[in-house]
Amino acid sequence: MSRTSSVSFIVLLCSLLFTTLLFSGCTATKTVKSENAVFFPEPPAPPRIQFLHSYTGSKDVETSASAFNTFVAGRDKEHFELVKPFGAMITKGKIYICDTQASFMVIDLAQKTFQRMEGAKGLGKVVQPMNVTGDAAGNIFVADPLRGEVLMYDKNDMYVKSFGLSGQWKPLDAVAYEGLLYVVDGKNKTIAVFDITTAKRIRQLGQGDEKGYNLGLPTAIAVGPDGKLYVSDAARFQIVVMDRDGHELNTIGLAGVNLGHFARPRGVAVDKNGRVYVADAAFENVQIFRNDGQLLMFFGGSGSLPGNLFLPADVSIDYDNIEYFQQYADPNFKIEHLIIVTSQFGERLINVYGFGTEEGRTYPTEKEIADKVKEKIKLWQDDAAKNQEKEGNVQDKE
């Protein structure tokens, strides 16, 4: 089976699995009223994720009122279009976007503006912003591999300082936790750890623990509610779970086209319940796992329709800005948190989804879902092995 047909097959298999098996037997007393709403899994399964909105340029943010104010001010307002975004996050009513071929952009949802970040100039100028993260104090950190530094901005979006020395490493992503900044170093294939207050590098992880585990090609990082590090490793085709001392605890996923496998794993995020979200640029979807590695579901998929993804690069979770997207949600769908996913190409580059439940529906437990997925994978593997054996017998006869 060719790679293209394999990917198509797994997408079809996933669709059949999650729409006909996982949620079978669930009762429904209400149905979703919005005819144009996009849900995952697809109906008639009870929805867990709704596609809410997307952003590609100024036109998706600014209102006619702001255009009128510009006219009154007597000058044309600069119009922005994203070119090739990679990392994105939302905090305090603002979406911060790393556009690798443009600049570091900020969407102010309250003010309805879309512009370059004020502090990203002068000493704080970005060259190739790749990924962005924040901390509890409201600071913003941008990993810039071409500049060779992680830049830090304060809660007012003004440049503060940078981490690392250009030429010695390649910062790709970062996550802040308890006063420390954990940075993916693509050049040395490690996780560099900095003290945020002093900007001093204090250690590095991933070069091998007492069991000899090493990172292959780390590209993204997240921290879970339990303080564990989740590292997306493109060379190992896995999410590597580590403690903060660098000891490898377990892994999620394998290389392949089966359910729960990866082809081009990119961004990773973890929600408050420990569910792990992984964007895969080849499958063009986001798979959701329990923290023990068991697949739960996926969303996205190839295509140009709302909710589809085109070379997804990053995924992030947010609980504090639901109010800005409630207007897009179906009235029967209760959003628990937001999921932000970037596409590097296409008509919808910054995609916002809501994770939640529909009122009046009975949902299976995650254990029930995981058990059914596991059962389905086993059946699929058995069928694949039988077909492969039959093909081998036919070839032998020929």
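Up top is the structure.
Given the structure is predicted, the values throughout are model-derived calculations rather than measurements.

Enquirer: Describe the overall build of the protein chain, listing the residues and the values that go with them.
Expert: From N to C terminus, the protein chain includes 3 helices and 25 strands. Counting only residues that meet the buried cut, the protein chain has 52% of its 398 residues in that class. Within the protein chain, contacts between residues at least 6 apart in sequence are counted, and of these 50% link residues at least 24 apart.

Enquirer: Could you give an account of the sheet that holds strand S9 (residues 149-153), naming the residues involved and the relevant values?
Expert: The antiparallel open sheet is built from 4 strands, whose spatial order is S7-S8-S9-S10. Every other strand in the sheet has two partners, leaving strand S7 (131-134) and strand S10 (159-163) as the edge strands with one partner each. Taking the axes of each pair of neighbouring strands and ignoring which way they run, one obtains an average angle of 20° across the sheet.

Enquirer: Describe the sheet that holds strand S24 (residues 333-343), with residues and values.
Expert: Reading across from one edge, S1-S2-S25-S24-S23 is the order of the 5 strands in this open sheet, with antiparallel pairing throughout. The sheet is open, and its two edges are formed by strand S1 (38-40) and strand S23 (312-318), each paired on a single side. Between one strand axis and the next, the sheet turns through 30° on average, direction left out of account. Here S24 runs beside strand S25 (residues 350-358); their pairing, made up of 9 bridges, is antiparallel. Bridged to Leu338 within S25 is Gly354.

Enquirer: Provide a residue-level description of the layout of surface pockets, including the pertinent values.
Expert: Size it by volume and the largest pocket reaches roughly 990 Å³. Around the largest pocket, the lining is made up of 40 residues, and of these Met89, Thr133, Gly134, Ile317 and Asp318 lie nearest the centre. Elements that contribute at least two residues to the lining of the largest pocket include exactly strand S3 (85-91), S7, strand S11 (171-177), strand S15 (218-223), strand S19 (265-270) and S23. By residue class, the composition of the lining of the largest pocket is 22 nonpolar, 10 polar and 8 charged. Put simply, the second largest pocket is a space of about 390 Å³. Around the second largest pocket sit 23 residues that line it, and Gln115, Arg116, Met117, Glu118 and Ala120 are the ones nearest its centre. Elements with a minimum of two residues in the lining of the second largest pocket: strand S5 (104-108) and strand S6 (113-116). The leading source of residues in the lining of the second largest pocket is S6, at 4 residues.

Enquirer: Describe the pattern of salt bridges, listing the residues and the values that go with them.
Expert: Scanning the entire structure with this criterion turns up 13 salt bridges. Between Lys121 and Glu118 there is a salt bridge, with the nearest N and O atoms lying 2.9 Å from each other. Across the pair Arg236 and Glu248 runs a salt bridge whose closest N-O atoms are separated by 2.9 Å. Placement of Arg236 in the loop between strand S16 (229-233) and strand S17 (238-242) and of Glu248 in strand S18 (residues 248-252) is noted, with a sequence separation of 12 residues between them. With a relative accessible area of 23%, Arg236 lands in the partly exposed category. Residue classification places Glu248 among the buried residues on the basis of a relative accessible area of 12%.

Enquirer: Describe in detail the pairing of strand S21 (residues 285-289), supporting the description with residues and values.
Expert: As a general feature of sheets, a regular strand has side chains that alternate between the two faces. In terms of burial, S21 is largely enclosed, as 5 of its 5 residues are buried. Side-chain alternation along S21 places Asn285, Gln287 and Phe289 on one buried face and Val286 and Ile288 on a second face that is also buried. As paired elements, strand S20 (residues 276-280) and S21 share 5 bridges and run antiparallel to each other. Across the sheet, residue Val278 finds its bridge partner in S21, namely Gln287. The pairing of S21 with strand S22 (residues 295-300) spans 5 bridges and is classified as antiparallel. Looking at S22, one finds that Val286 is bridged to Phe299. The turn linking S21 back onto S22 is made up of 5 residues, and Gly293 within it adopts a positive phi angle of 95°.

Enquirer: Which residues make up the side chain of His337, and what values go with them?
Expert: Looking at the secondary structure, you find His337 in strand S24. Separated by 3.0 Å, the side chains of His337 and Tyr277 make a polar contact. Look past the residues within four positions of His337 in its chain and what remains in contact with it is Asp271, Arg275, Tyr277, Ile317, Asp318, Tyr319, Ile322, Tyr353, Gly354 and Phe355.

Enquirer: Please provide a residue-by-residue account of the nonpolar core, values included.
Expert: The tendency in soluble globular proteins is for nonpolar side chains to be buried as a group. Counting residues in each nonpolar core, the largest one holds 36 residues, and the members touching the most others are Ile49, Tyr277, Phe299, Ile339 and Tyr353. Discounting residues that sit within four places of it in the chain, Ile339 has contacts with Ile49, Tyr277, Phe299, Val315, Ser316, Ile317, Asn351, Val352, Tyr353 and Phe355.

Enquirer: Give me the packing of aromatic side chains: which residues, what numbers.
Expert: All chains considered together, the criterion is met by 16 aromatic pairs. Through a chain of ring-to-ring contacts, the aromatic side chains of Phe40, Phe51, Phe299 and Tyr353 assemble into a single cluster. Against the face of Trp169 rests Arg201, its NZ or CZ located 5.2 Å from the ring centre. Looking at Lys272, its charged tip hangs above the ring of Tyr319, at a distance of 4.3 Å from the centre.

Enquirer: Tell me about the pairing of S15, residues and numbers included.
Expert: Taking burial as the measure, the 6 residues of S15 include 6 buried ones, the bulk of the element. Where S15 lies against S16, 5 bridges are found, and the strand directions are antiparallel. Across the sheet, residue Ala220 finds its bridge partner in S16, namely Ser232. Counting the residues that bridge the hairpin from S15 to S16 gives 5 residues, and of these Gly227 lies at a positive phi of roughly 85°.

Enquirer: Summarise unusual backbone geometry; cite the residues concerned and give the values.
Expert: A cis geometry characterises the amide bond from Phe40 onward to Pro41, with omega recorded as -10°. By the element assignment, Pro41 lies in the loop between S1 and strand S2 (49-55). The omega torsion across Pro43 and Pro44 is 15°, close enough to zero to call that bond cis. Mapped onto the elements, Pro44 comes out in the loop between S1 and S2.

Cut-offs and rules
Residues numbered from 1 in each chain as written. Predicted model: local features only at pLDDT ≥ 70, side-chain atom pairs only at ≥ 80, totals over all residues. Heavy atoms only, no water. Helix = DSSP H or I, 4+ residues; strand = E, 2+ residues; numbered from the N terminus. Buried < 20%, exposed > 50% of the residue type's maximum accessible area, 1.4 Å probe, protein only. Contact = heavy atoms within 4.5 Å. Pairing = 2+ DSSP bridges. Axes fitted to C-alpha atoms, helices over the stretch in contact; angles between N-to-C directions. 1 Å grid on protein atoms, 1.4 Å probe; cavity = no way out; pocket = protein on both sides within 12 Å on 5 of 7 lines; lining within 4 Å. Points joined across faces, edges and corners; volume = space filled by probe spheres on them. Nonpolar A, V, L, I, M, F, W, Y, C, P; charged D, E, K, R; others polar. Salt bridge = Lys/Arg side-chain N within 4 Å of Asp/Glu carboxyl O. Polar contact = N/O pair within 3.5 Å; in protein donor to acceptor, adjacent residues only side chain to side chain. Core = buried A, V, L, I, M, F, W, Y, C linked by side-chain atoms within 4.5 Å. Phe/Tyr/Trp six-rings, centres within 6.5 Å; stacked < 30°, edge-to-face > 60°. Lys NZ or Arg CZ within 6 Å of the ring centre and 35° of its normal.

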